[in-house]
Amino acid sequence: MKVTSESLERTIEELAKLPGTGRKSAQRIAMYLLKQPDDSVYRLAETLQNLKRSVKTCCICRTFSDEDPCAICENPKRQNGQICVVEEFQDMYFIERTDEFRGRYHVLGGVLSPMNNIGPDQLHVKSLIQRVNNPEEPVTEIILALNPDAEGEATSFYLHKLLQPFEVQVTRIAYGIPVGTDLEYIDDATLSRAFRSRSTF
Amino acid sequence: MLIHSLNLRNFRNHTEKALEWAPQFNILTGPNGVGKTNILDAIHLLCMSRSFVTTSDRVLPNQGENWFELGGTFESAARSKFSLKTFYSVNEGKTFFVNDSPLDRLTDLIGRVPVVVMCPEDRKLTAEGPLERRSFLDGLISQLSREYLQNLLLYRRIRRQRSTLLLQDALRGEMLRSALEPWNVQMADVGGKIIATRALVLEHFAGYLEQHFKALTQLSLRPNFTYKTFMPVQAGQSPSEISAQMLLALDAAFEKEQERRQSLIGPHRDELVFYLDQIELRKYGSQGQQRLFTIALKLAQAFYYQDQSEDRPILLMDDVFGNLDSEKIRTLVRILEEQGGQIFITHASGSALRSAADFSMKNSVWYEVSGPEVKNITQSTS
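Every residue gets a number counted from 1 within its own chain, in the order that chain's sequence is written. In the order they appear in the text, chains get letters beginning with A and ligands get numbers beginning with 1. Selection of residues for local features in this predicted model requires a pLDDT of at least 70, selection of side-chain atom pairs for listing and counting requires 80 or more, and totals for whole chains, interfaces and linings are taken over all residues. Hydrogens and water molecules were not included; the side-chain quantities draw on all heavy atoms of the structure.

We now examine the overall build of chain B. Helix and strand definitions here come from DSSP, where helices need a minimum of 4 consecutive H or I residues and strands a minimum of 2 consecutive E residues; each element is numbered from the N-terminal end. Each helix and strand counted, chain B has twelve helices and 15 strands in total. The C-alpha atoms of chain B give 23 Å as radius of gyration, which agrees with the globular expectation for 382 residues (21 Å, within 12%). Seen through its C-alpha atoms, chain B measures out along the principal axes to roughly 75 × 55 × 35 Å. Sequence separation of at least 24 residues holds for 69% of the intrachain contacts in chain B that already meet a minimum separation of 6. Each accessible area is a Shrake-Rupley estimate made with a 1.4 Å probe; only the visible protein chains count as cover when residues are assessed. As displayed, chain B has an accessible area near 17,500 Å², and 47% of this comes from carbon and sulfur atoms. Just so you know, the count uses Lys and Arg for positive and Asp and Glu for negative, and it drops His and the chain ends. Taken as the charge location is NZ of Lys, CZ of Arg, CG of Asp or CD of Glu. Distance from the positive charge centre (44 side chains) to the negative charge centre (44 side chains) of chain B: 2 Å. Based on C-alpha atoms, the radius of gyration is set beside the globule rule, defined as 2.2 Å times the residue count to the power 0.38. Any two residues whose heavy atoms approach within 4.5 Å at even a single point are treated as in contact.

Right, dumping it as structure tokens:
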């Protein structure tokens, strides 16, 4: 095969490295970009550069943020003694969207998974313990909001155990039935878990 | 459950075939190596997501090709009709479609079309190690319970995570112990559920095995089995009780697990031992006894499924009749007629099968397979 444009080929190669993008999609995106007006493509390039330049990791909760500390960690109104522990940045985003939680967050940056060489040292666990120990902002409750799969469960168990010596209540979000769903369509495992974590009416 | 039609493209030696099936017996005869088993395997793959002949999908496309396609139309006992399709390519693997919409997870396929296979490979069930018997047991229950299948998959994942820890040189002693702990709790939780279900199902299943062995062989020998797990369990024992015991057992086995670097406690090491009267079948049973035992086991599976789900599984009998005397064949055919489900039978010699068994060809179809050609000879057999 003869490549007539080295730059186009290079772009396709780079795009194909993105998650969920194969070579074909990469080709389609590259062709699309090539046909766009110059300034819209430059804007995209600039946005990508800014992404790496200006997005930082919050030194307190380890989330992605333009400011360090992030807006939530800076906000005194969010100091209510609760810290919600999530796996990744986007989980925090989902919870924030509900407007249900008014405390602070802690992003672990993953979950325990020996198969992928991820142990406690690879996660933001030490910084969580430091926050629990911080006398300037007392913590009364740690809410574990990790995924209910094997790795999420193991991590929840590990954190629960780790936090036992501290004077802090450890809770977890409930397993339940999605809102707007008929019981008929719920799988057995979910339904029996929902039963076990039922609440008083 | 009925399969009405089957389309094969590039599957094994069949480049392009469309076959119609009958609600009772579907007989395929023809010389060795013409592709009778491949037709049964196509049905199996379409319903169970994998071949019963080979573990490698790569060898399934016709020679020189890198893809195959299978399609079928089905009708369940509740009279609902649906279609299944699968497309395989070497690069992208298998994709399944139900009524032309793609299936996200392969596990969603299992149990949709219940299938019971009898094939020459079944001799491993009585002749080889516990793995074969565990997969028989898991197949039996998974077809009936999605929760069980999900627990099996979850258990496998937890065990893999745990095994990785046991294999790490840097983790020894108390460090290893505390690293294992979060996984132990889950492994015991899921393991307890799996064991409780196995014990309960086997308790029911024993009666089915006994009944069908007796019907098939007319022997006074009593077939039975013992289910062995890490502790003595009773049918009906609560999963949480078994989980609690398993957690203690895991704790007690720590030193040994550390030394052997393996997960030593749990349902992945369960054993099912078959007996005829007091004689352990694997060690002392004759070949004939073992063969009859496995056929009875599979018949029991079909009948058990039928009673639990109010639908009949599709029975695939690959070269089963070739190894039986004519009286056994007649008895087996009679049992199958009574069962009333849809049955697929392959046999090398059409004339031998005809003289051995008196099939009522009502609601049945007979194909003579000769490589590229599959000829309907139902008319000339009735």
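This part covers the interface of chain B and chain A. Buried accessible area, meaning the area lost when the parts come together, often serves as the stated size of an interface. Contact with chain B, which involves 16 residues of that partner, is made by 18 residues of chain A. A quick way to say it: buried area is the sum, across both parts, of accessible area lost when two parts are put together, with a 1.4 Å probe. When chain B packs against chain A, close to 1,400 Å² is buried across both sides, 60% of that on carbon and sulfur atoms. For chain B, the biggest contributors to the area lost against chain A are Gln161, Pro182 and Trp183 of chain B; these three give 31% of the whole. Salt bridge, as used here, is a side-chain nitrogen of Lys or Arg placed within 4 Å of a carboxyl oxygen of Asp or Glu. The interface formed by chain B and chain A contains two salt bridges. When contributions to the side of chain B that touches chain A are tallied by element, the ones reaching two or more residues are helix H4 (146-166) and helix H5 (173-217) of chain B. Classification convention: Asp, Glu, Lys, Arg as charged; Ala, Val, Leu, Ile, Met, Phe, Trp, Tyr, Cys, Pro as nonpolar; all other residues, Gly among them, as polar. Here the side of chain B that touches chain A is composed, by residue class, of six nonpolar, five polar and five charged.

This part covers the packing of H4 of chain B against H5 of chain B. All names here are of chain B. As a packed pair, H4 and H5 sit with axes 9 Å apart at the nearest point and diverge in direction by 155 degrees. Between H4 and H5, the crossing angle belongs to the class labelled roughly antiparallel. Two packed elements cross with a definite hand, and for H4 against H5 that hand is left-handed. Within the contact of H4 with H5, the residues separate by chemical class into 14 nonpolar, six polar and four charged. Whenever a helix is involved, its axis is fitted only over the stretch in contact; in every case the axis is a line through C-alpha atoms, and angles between N-to-C directions fall within 0 to 180 degrees. Oblique is the label for every angle not falling under 35 degrees (roughly parallel), over 145 degrees (roughly antiparallel), or within 65 to 115 degrees (roughly perpendicular). It is the rotation of the near helix from the far one that decides the hand of a crossing: anticlockwise by less than a right angle makes it left-handed, clockwise makes it right-handed.

This part covers the packing of aromatic side chains. All names here are of chain B. Pairing of aromatic side chains requires ring centres within 6.5 Å, counting the rings of Phe and Tyr and the six-membered ring of Trp. Pairs whose planes differ by under 30 degrees are stacked, by over 60 edge-to-face, and all others tilted. Under the definition given, this model contains 15 aromatic pairs over all chains. Relative to Phe293, the ring of Phe213 has its centre 6.3 Å away and its plane inclined at 55 degrees; by these criteria the two rings are tilted. One end of the pair, Phe213, is in helix H5; the other, Phe293, is in helix H9 (residues 287-309), with 80 residues separating them in the sequence. Of the two residues examined, Phe213 and Phe293, each falls in the buried class. Each residue in the set Phe136, Phe205, Tyr208, Phe225 and Tyr304 is aromatic and connected to the rest through ring pairs, giving one cluster. In this structure, Arg177 packs its charged tip against the face of Phe254, placed 4.3 Å from the ring centre. Each residue's exposure class comes from its accessible area (1.4 Å probe, protein chains only) as a fraction of the maximum for that residue type: buried when under 20%, exposed when over 50%, partly exposed otherwise. Two conditions define a charge located above a ring, namely a distance within 6 Å from the ring centre to NZ of Lys or CZ of Arg, and an angle within 35 degrees of the ring normal.

This part covers unusual backbone geometry. A cis amide bond links Asp68 of chain A to the next residue, Pro69 of chain A, at an omega of -5 degrees. Following the sequence through the fold, Pro69 of chain A ends up in the loop between strand S2 (64-65) and helix H4 (71-74). The phi dihedral of Ser49 of chain B is positive, around 75 degrees, even though this residue is not glycine. Even without glycine at this site, Asn99 of chain B takes up a positive phi of about 45 degrees. As for its placement among the helices and strands, Asn99 of chain B is situated in the loop between strand S6 (93-98) and strand S7 (101-102).

It is worth spelling out the nonpolar core at this point. Put simply, buried Ala, Val, Leu, Ile, Met, Phe, Trp, Tyr and Cys residues joined by side-chain atoms within 4.5 Å make one nonpolar core. Judged by nonpolar contacts, the single largest core of 95 residues is most densely connected at Ile142 of chain A together with Met317, Phe321, Leu332, Leu336, Ile345 and Phe359 of chain B. Top contributing element to this core by residue count: H5 of chain B, with 17 residues. Leaving out residues up to four positions away in the same chain, Phe359 of chain B has contacts with Phe25, Ile27, Phe321, Val333, Glu337, Ile345, Leu353 and Trp366 of chain B. Membership of the second largest hydrophobic core comes to 41 residues, among which are Leu28, Leu40, Leu70 and Tyr88 of chain B.

On to the sheet that holds S6 of chain B, then. Residue and element names in this part refer to chain B. Taken in spatial order, the six strands of this open sheet run S2-S1-S4-S5-S6-S7, and their pairing is antiparallel. Edge strands, defined here as strands with exactly one partner in the open sheet, are strand S2 (14-20) and S7. DSSP calls a pair of strands paired once it identifies at least 2 bridges connecting them. Bridge count between S6 and S7: two bridges; the pairing is antiparallel. Note on S7: the bridge partner recorded for Phe97 is Pro102. Against the sheet, helix H1 (residues 36-48) engages strand S1 (2-11), S2, strand S4 (67-75), strand S5 (81-89) and S6, with an angle of about 105 degrees to S1.

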